[in-house]
Amino acid sequence: MESKPMLRITWTEGPEYPMGIQDSACAVVDGKFVSAGGFTRHPKDVVARYPDAFDGAANGFTKLTFLFDPARSDAGWTRVANMPGPPRQGAAAAVVGDALYALGGFNYAYPLTYRAAYRLRQDGGAWVWRGLPCELPWPVCE
């Protein structure tokens, strides 16, 4: 008996992310892919375009947030509001309704790991981060 695949997926290459990145808080929010924060040693030309990418360093932890809208793929990755708090990688990400929640994360500066929680969503046409009024009971990452 011959087996046939039930699902066929066709992959296409999208626009390159503005820099090498690892451990960003990423998710699909309202049909748009969002990537916030993270860490890189491969910044490409992101510092030339965004001098604040690594708080004056050539690479490392970042607060940059980028959005990709497949309905407007010609726009590529667009920068939206920076993730609040210290630059970090490994923030746990969750989507509830029309918002991305980024929880915790870590970097190499004291206190190393974080308990803060932030929400990103559109407000009046702009993407806006807001801190949540309470912290997590303990530091978390991814």
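Okay, so let's go over this structure. Just so you know, these numbers come straight off a predicted model, no measurement behind them.

**Quick word on the sheet that holds strand β7 (residues 117–123)**
Overall, antiparallel pairing links the four strands, which are arranged β5-β6-β7-β8 in an open sheet. Each end of this open sheet is capped by a strand with a single partner; those strands are β5 (92–96) and β8 (126–131). The average undirected angle you get between the axes of adjacent strands in this sheet is 25 degrees. Bridge count for β5 against strand β6 (residues 99–103) is five bridges, and the pairing is antiparallel.

**Regarding unusual backbone geometry**
For the peptide bond that leads from Y110 to P111, omega is 15 degrees, which places it in the cis range. A positive phi is found at D55, a non-glycine position, where the angle reads about 50 degrees. By the element assignment, D55 lies in the loop between α1 (46–49) and β3 (60–68). Take D55: its relative accessible area is 57%, and that puts it in the exposed class. The backbone phi angle of L112 is positive, close to 75 degrees, even though this residue is not glycine. Relative to the helices and strands, L112 is located in the loop between β6 and β7.

**Some thoughts on the state of the cysteines**
Applying the stated criterion across every chain, the model contains zero disulfides. For the unlinked cysteine C134, the closest cysteine sulfur is that of C141, found at 19 Å. For C134, a relative accessible area of 52% corresponds to the exposed category. Here C141 is not disulfide-linked; the sulfur of C26 is the nearest cysteine sulfur, at 14 Å. Residue C141 is classed as partly exposed on the basis of its relative accessible area, which comes to 41%.

Quick notes on the rules
Residues numbered from 1 in each chain as written. Predicted model: local features only at pLDDT ≥ 70, side-chain atom pairs only at ≥ 80, totals over all residues. Heavy atoms only, no water. Pairing = 2+ DSSP bridges. Helix = DSSP H or I, 4+ residues; strand = E, 2+ residues; numbered from the N terminus. Axes fitted to C-alpha atoms, helices over the stretch in contact; angles between N-to-C directions. Buried < 20%, exposed > 50% of the residue type's maximum accessible area, 1.4 Å probe, protein only. Disulfide = S-S within 2.5 Å.

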